[in-house]
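# Overview (structure and organization)
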Amino acid sequence: MKTYDLNDRTTNGAEIEMVELGDESYEVTEGSLTNVSDAIRSVPSFVSPAHYDDYETIDWIRDTILARRQKAMYKRDGGGKGCFGKFKMLLYKSQGWLLLFLIAVAIACIASILNVSVEYMVDTRLGYCTTGFFLSRKLCCRLSESDVLFDTCDAWHNWAKIVHLETNEIVAYIVNWFFYVVISIIYAGLSAFMVKNLIRWAAGSGIPEVKVILGGFVIKMFNSWQSLIVKVTCLILSAASGLNLGKEGPMIHVASATAEVISSLFPKYALNEVKKREILAAASGVGITVAFGAPLGGVLISLEELSYYFPHHIMLSALFCSTIAASVLQLLNPFHNGKLIIYQVHYFHSWLNIEWIPFIFIGIFMGFLGALFIKLNIRWSKFRRTSRMKLFPITYVMVMAGITAFLSWCNVYLRSYSSDFLAGMFSQCEGGDITPLCDPERTWTTVSDLFIAGTVRFLLTVFTFGLAVPSGLFIPGFAIGATFGRVVGIISAWAYNNIPESYAFETCKNHAECIDPSVYAIIGAACFLTGATRATFSIIVIILEATGDLNYLLPVTIAVLVSKFVGDLFSKEGIYEEIILMNEYPFLNNRVHYNFRKTAKDIMVSRHLSIIELQGNTYGSLMAFMNSNNHTGWPVVTSKEEMSLIGYITRSELRQALAFAGAHRVVQDNTNCYFSPEIPSSENRPYIDLVPWMDATPIQVVPNTPLNNVFDMFTRMGMRYVLVANRGTIVGIVTKKDILQYIHVEYHAKG
């Protein structure tokens, strides 16, 4: 525990008392009449970390200043003097890199455990391995990635064989179907039960909440160690249940929670919300890195989709963290292929000019389908929250698991786990390959099966995403897009096979296989997720890193941009922004441009403005004022009549100052408190000087300031409030809540 000697004046034999404030302790002196004020004056707010309440917005400016001054204080008191001092300073500066290294290793280990567990539990719905009960079907049969959709082996026994009912094909089919559905329901029910009764923040993907937290909002339990344990456990169960959801999106929440739990061991980051968010911004994207084996994709998803504040040094930290996590993941080898690439493809020829037509078509169709998904899912989520269905969240999850399992059993493209299904969609057809995806004699049967599978998967995702279990959109989104993309690719290949002499296929004469349907699946996967999330370059990099081939970088990029533009025609917000709006989180989207026609005076709070007057304040009156007032801060003015602005003090600052003063034995309820350095000469008893805790130069605008400028101040400077003053006289205040309410009424409520 660090100790600061705050009283620079002589104590004159007065008693020294230790007072704790937050995680610091201070020496205060009790003796002369004004020593209380001396102590308070000597503990300006930047010394002690701010303690924010749950669901409160942090003060970016204050915490940034705090971090800089704490660094300067550390350098002055302990570092920079001699070799030992410089060594201590080096250790102080290297805390961040050590923290990122530990976070990366922890996330990679969690991801490995999660991948192995899900792979095994998914297969338990089908049977078990006789050569090793804890082996998954893939390990049991040692199948290649491309065959996992269709093959089996003697060592793997299905449930009909286990219960000795395999002799009759119809009975065996029904028995396997029954176990498949029942086990899926059990897994889903267990996951929903744990979420409801343990940590509600474990539900969903967690990406909207991570965005809001990185934007400055405080949700204390979201990244707690309890939430981390429940999230990982329930994610294994929900992914194994076969619900049409993915584990990759929730890995962002897992990474964020891991980062916050480990950073709590480092006071430099645990006690400063801005520094903590720098670590969270660098670490959150690592969830995508370990999910897809995509280190660059993890950095870019944090930059494009997650982070509110992402300067150059955070990008470097994110790259370091992602690289370490990817290295550890490859060492642990959870994908059982000895490398990070999970959907390996190799293309040896380029695309045809005629193929730009189906590529652009995929972009247009997936952009529309992504926008349709957003509309349907949000409307269904709102309906669930307003109907009696909200009273039975566990039942609804189990019903959806039963419906999904029941329908999936009938279609081989739905029955397999989503990740294995993607491996099949991205697989290339080689000479002599007669699997259902590649057999030219079954072209239209395959097309119809895939179209039905894609439609069913789309509808199931609409009703599943947002359930009270951990659920992600990345893999279901990729699967939907890959299915329809493969359909377009198969039709394009059929056209070439039937009219190979056409001028459009002139450049194909030297290639046995000119059109590869797997390329269309990759493009479709990227385009649908772009249409649903509005992310672009991060999706492109993730899909290319996951497949390990750059030959089709240009078609993927152009198709993704088309999907983005088509989706934007329907709404500017992606699915995560829509969830933030639905949940009414205090998040200002700095990536959306609003053409405001109002000024500051049109939305400011002017009537019933809560203020603190300069004179007449005591310790007891200020404590009573805070207890009866729920505002996060108050302007300090000369008087209610004059309203001349003196400064602004936040609730957290005032609470800490009074808590510190209240620990002093001479402070009573009638002890005077002053917000001005001009203390009355008649003051002959202890008093509390609150000037160091007050912001004497708060950000101000005039009433006619365009609202666009005010919005930029909030989004670029991280402001919590802006005072509206006219020639030094305060006339109102604009808070983040006022901006959000205006945007909701003017833009979102009107559709």
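Structure first, text after, so check above.
Below or above, wherever it landed, is the structure these notes cover. Just so you know, these numbers come straight off a predicted model, no measurement behind them.

Right, let's talk about the packing of aromatic side chains for a bit. A complete count under the given rule lists 33 aromatic pairs for this structure. For the ring pair W201 and F222, a centre distance of 6.0 Å and an interplane angle of 80° mean the geometry is edge-to-face. Note that W201 is positioned in the loop between α7 (169-197) and α8 (207-214) and F222 in the loop between α8 and α9 (225-240), a separation of 21 residues in sequence. In this structure an aromatic cluster arises from ring pairing among Y173, W177, Y180, F406 and W409. R200 extends its terminal NZ or CZ atom over the ring of W201, reaching a point 4.1 Å from the ring centre. In this structure, R415 is placed above the aromatic ring of W409, and the distance from its NZ or CZ to the ring centre is 4.3 Å.

Given a rise of 1.5 Å per residue, 18 residues ought to cover 26 Å, and the 27 Å separating the end C-alpha atoms of helix α24 (residues 553-570) matches this to within 8%. Those residues of α24 lying buried are P555, V556, A559, V560, V562, S563, K564, V566, G567 and D568. As for α24, its buried residues are in contact with α16 (356-386), α22 (517-533) and α23 (537-547).

Read across the sheet, three strands follow the order β12-β13-β14 without closing on themselves; strand pairing throughout is mixed. The open sheet has two free edges, formed respectively by β12 (700-701) and β14 (729-735), since each of these has just one partner strand.

Our focus in this paragraph is the environment of I490. Its location among the elements puts I490 in helix α21 (residues 474-498). Taking the relative accessible area as the measure of exposure, I490 reaches 7% and is therefore buried. Distance in space between the C-alpha atoms of I490 and Y520 is 8.7 Å, their sequence separation being 30 residues. In this view, I490 contacts L437, T443, T446, V447, L450 and P517; residues no more than four positions away in its chain are not counted.

Moving on, we come to the packing of α16 against helix α25 (residues 575-583). Viewed as axis vectors pointing N to C, α16 and α25 meet at an angle of 25°, and their least axial separation amounts to 10 Å. As summarised for this structure, α16 and α25 are arranged roughly parallel, according to the angle between their axes. When the axes of α16 and α25 are compared, the crossing they make is right-handed. Taken together, the residues of α25 that come into contact with α16 (itself represented by F373, I374, N377, I378, S381, K382 and R385) are I575, E578, I579, M582 and N583. A breakdown of the residues in the contact of α16 with α25 according to their chemical character gives six nonpolar, three polar and three charged.

Residues F292, F426, F474 and I739 are the most contacted members of the largest nonpolar core, which totals 165 residues. Judged by nonpolar contacts, the second largest core, of 19 residues, contains Y619, W634, L654 and W693.

Right, let's talk about the sheet that holds strand β6 (residues 612-613) for a bit. Note on sheets: strands pair through backbone hydrogen bonds, and any given pair is parallel or antiparallel. One open sheet accounts for three strands, arranged β6-β8-β9; its pairing is mixed. Whereas interior strands pair on both sides, the edge strands pair on one side only; in this sheet they are β6 and β9 (645-650). Across the sheet, helix α28 (residues 651-662) touches β6, β8 (633-637) and β9, and the angle it forms with β9 is around 80°.

Under the criterion given, the structure shown has six cavities of 30 Å³ or more. In this structure, the largest cavity occupies an estimated 340 Å³ of space. In terms of lining, the largest cavity is formed by 23 residues, of which the most central are E119, K138, F335, S419 and D420. Contributions of two or more residues to the lining of the largest cavity are made by α4 (95-123), α5 (137-141), α13 (286-292) and α19 (418-425). Counting residues per element, the lining of the largest cavity draws most heavily on α4, at five residues. Lining of the second largest cavity is provided by 15 residues; of these, G242, N244, L414, S416 and S418 occupy positions nearest its centre. Every element with two or more residues in the lining of the second largest cavity is listed here: α17 (393-408), α18 (412-415) and α20 (443-464). Residues of the lining of the second largest cavity, tallied by class, amount to six nonpolar, six polar and three charged.

What follows covers a nonpolar patch on the surface. A cluster of nonpolar side chains, contributed by V399, I403, F406 and L407, occupies part of the molecular surface with about 330 Å² of accessible area. Within the secondary structure, I403 sits in helix α17.

In this section: the side chain of T57. With respect to the secondary-structure elements, T57 resides in the loop between α1 (35-41) and α2 (60-77). Of the residues examined, T57 reaches a relative accessible area of 15% and is grouped as buried. Setting aside anything within four residues of it in sequence, one finds T57 in contact with Y52, G216, F217, R720 and K736.

The rules behind these values
- Residues numbered from 1 in each chain as written.
- Predicted model: local features only at pLDDT ≥ 70, side-chain atom pairs only at ≥ 80, totals over all residues.
- Heavy atoms only, no water.
- Phe/Tyr/Trp six-rings, centres within 6.5 Å; stacked < 30°, edge-to-face > 60°.
- Helix = DSSP H or I, 4+ residues; strand = E, 2+ residues; numbered from the N terminus.
- Lys NZ or Arg CZ within 6 Å of the ring centre and 35° of its normal.
- Expected span 1.5 Å × (residues − 1).
- Buried < 20%, exposed > 50% of the residue type's maximum accessible area, 1.4 Å probe, protein only.
- Contact = heavy atoms within 4.5 Å.
- Pairing = 2+ DSSP bridges.
- Axes fitted to C-alpha atoms, helices over the stretch in contact; angles between N-to-C directions.
- Parallel < 35°, antiparallel > 145°, perpendicular 65-115°, else oblique.
- Left-handed = near helix turned anticlockwise from the far one by under 90°.
- Nonpolar A, V, L, I, M, F, W, Y, C, P; charged D, E, K, R; others polar.
- Core = buried A, V, L, I, M, F, W, Y, C linked by side-chain atoms within 4.5 Å.
- 1 Å grid on protein atoms, 1.4 Å probe; cavity = no way out; pocket = protein on both sides within 12 Å on 5 of 7 lines; lining within 4 Å.
- Points joined across faces, edges and corners; volume = space filled by probe spheres on them.
- Patch = residues over 30% accessible without salt bridge, like charges linked within 9 Å, V, L, I, M, F, W, Y side chains within 5 Å.
- Areas by Shrake-Rupley, 256 points an atom, 1.4 Å probe, with all protein chains shown as cover.
- Salt bridge = Lys/Arg side-chain N within 4 Å of Asp/Glu carboxyl O.

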